[in-house]
Amino acid sequence: MSTTLDIRNLHVQVEGKEIIKGLSLTVRGGEVHAIMGPNGSGKSTLAYTLTGHPRYEVTEGSVTLNGQDLLAMEADARSRAGMFLAFQYPSEVPGVSVANFLRTAINARRGEGDEISVMEFARKLRAKMAMLEMDDAFAGRYLNEGFSGGEKKRNEILQMAMLEPKVAILDEADSGLDIDALKIVANGVNQLRNPELGVIVITHYQRILRYLKPDVVHVLMNGQIVHSGGDELAEALEEKGYDWIKEDVNGR
Ligand code: ADP
Ligand code: MG
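Parameters and conventions
Residues numbered from 1 in each chain as written. Chains lettered and ligands numbered in written order. Predicted model: local features only at pLDDT ≥ 70, side-chain atom pairs only at ≥ 80, totals over all residues. Heavy atoms only, no water. Near = heavy atom within 4 Å. Polar contact = N/O pair within 3.5 Å; in protein donor to acceptor, adjacent residues only side chain to side chain. Areas by Shrake-Rupley, 256 points an atom, 1.4 Å probe, with all protein chains shown as cover. Helix = DSSP H or I, 4+ residues; strand = E, 2+ residues; numbered from the N terminus. Nonpolar A, V, L, I, M, F, W, Y, C, P; charged D, E, K, R; others polar. Buried < 20%, exposed > 50% of the residue type's maximum accessible area, 1.4 Å probe, protein only. Pairing = 2+ DSSP bridges. Axes fitted to C-alpha atoms, helices over the stretch in contact; angles between N-to-C directions. Left-handed = near helix turned anticlockwise from the far one by under 90°. Contact = heavy atoms within 4.5 Å. Salt bridge = Lys/Arg side-chain N within 4 Å of Asp/Glu carboxyl O. 1 Å grid on protein atoms, 1.4 Å probe; cavity = no way out; pocket = protein on both sides within 12 Å on 5 of 7 lines; lining within 4 Å. Points joined across faces, edges and corners; volume = space filled by probe spheres on them.

Looking at ligand 1, there are 14 residues lining it, with Gly 40, Gly 42, Lys 43, Ser 44 and Thr 45 nearest. Between an oxygen atom of ligand 1 and a main-chain N or O atom of Gly 40, the distance comes to 2.7 Å. Take Tyr 56: an N or O atom from its side chain is 3.3 Å from a nitrogen atom of ligand 1. Surface burial for ligand 1 is 68%, taken as the share of its 550 Å² of free accessible area covered by protein chains. Those elements that place two or more of their residues in the shell around ligand 1 are β2 (17–28) and α1 (43–51). The leading source of residues in the shell around ligand 1 is α1, at three residues. Within the shell around ligand 1, the residues separate by chemical class into four nonpolar, six polar and four charged.

Structure (structure tokens):
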């Protein structure tokens, strides 16, 4: 079944304050959507709302994944339904290896009695690491402990590869990365692109989009998508900033 994430007229409050103010967006399998916007415009709020963070209160609108009502589900059910959020600042988990963490995460999704076999897991891990051009030794390291910025991001991409989500959201996956690490993230996502996976890349900067080549670029301002366009929009934003859009919107 092909993937469709459908967000309609979404309104979200955080601690009584409305942050997302009527946002609509449809993301289908095979598509990469970039969401850009100034700081504080609600980008992370959207990411956390979609993945079910309890702090974000939806007051109006709907979100469905292949017709299923996501908003009615707890965060873990959403994850099982295929939602994935790559963290901006992944935490260190000493004593838990990358491989162990991944196996636990996969089994949490599959549920009791349906655990992945050790053999199958090892085979899958090896295949995904090869695809992402990662060294085998990486799997034995403790999660994020002493990882460089690039390794942390790589690990997030490996998680995405192993969990095979339907919708992957990357919130500022590019912040604080040097150009090599940036390419790793972009290449990783490009490798994982497939007709069943919709990707939402949230970013403040245009840099990563040069490698990712999104199908659509949206500008989020003040809790609404105020403009959507192709690849060229990202470049225009890089050159001219967001002010011209602000004026455009106000001038309507
Ligand atoms: P962006 O990711 O686009 O920079 P955010 O979604 O993080 O924007 O924030 C949008 C607005 O919501 C900001 O004004 C921010 O202060 C507020 N906000 C977001 N999360 C919280 C929170 N957990 N508690 C209080 N305010 C929040
Ligand atoms: Mg943010």
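The structure having been displayed, the exposition proceeds.
Quick look at the pairing of strand β10 (residues 198–203) now. Most of β10 is tucked away, with six of its six residues classed as buried. Side-chain alternation along β10 places Gly 198, Ile 200 and Ile 202 on one buried face and Val 199, Val 201 and Thr 203 on a second face that is also buried. Alignment of strand β3 (residues 32–36) against β10, held across five bridges, turns out to be parallel. Its bridge partner lying in β10, Ile 35 is registered against Ile 202. Where strand β9 (residues 167–171) meets β10, five bridges bridge the pair, whose relative direction is parallel. Within the sheet, the bridge partner assigned to Val 167 lies in β10 and is Gly 198.

For the pair helix α3 (residues 98–110) and helix α4 (residues 118–131), interaxial distance at closest approach is 11 Å and the crossing angle is 115 degrees. When you trace α3 past α4, the crossing you get is right-handed. Side by side, α3 and α4 meet where Ala 99, Leu 102, Arg 103, Ile 106 and Arg 110 of the first sit next to Val 118, Glu 120, Phe 121 and Leu 125 of the second. Looking at the contact of α3 with α4, its residues break down into six nonpolar, no polar and three charged.

Our focus in this paragraph is the pattern of salt bridges. The full count for this structure, using the stated rule, is eight salt bridges. Between Glu 164 and Lys 124 there is a salt bridge; the shortest N-O distance is 3.3 Å. Of the two residues, Glu 164 is situated in the loop between α5 (149–163) and β9 and Lys 124 in helix α4; the sequence distance between them amounts to 40 residues. Glu 164 gets classed as partly exposed once you look at its relative accessible area, which sits at 47%. One continuous salt-bridge network, built from bridges that share partners, spans Lys 124, Lys 128 and Glu 164.

Computed from the structure, the largest pocket encloses a volume of approximately 620 Å³. If you go around the largest pocket, you meet 27 residues; those closest to its centre are Ser 79, Phe 84, Leu 85, Phe 87 and Gln 159. Going through the elements one at a time, α1, α2 (75–81), β6 (83–86), α3 and α5 are the ones with two or more residues in the lining of the largest pocket. Of the residues in the lining of the largest pocket, the class split is 14 nonpolar, eight polar and five charged. Size it by volume and the second largest pocket reaches roughly 160 Å³.

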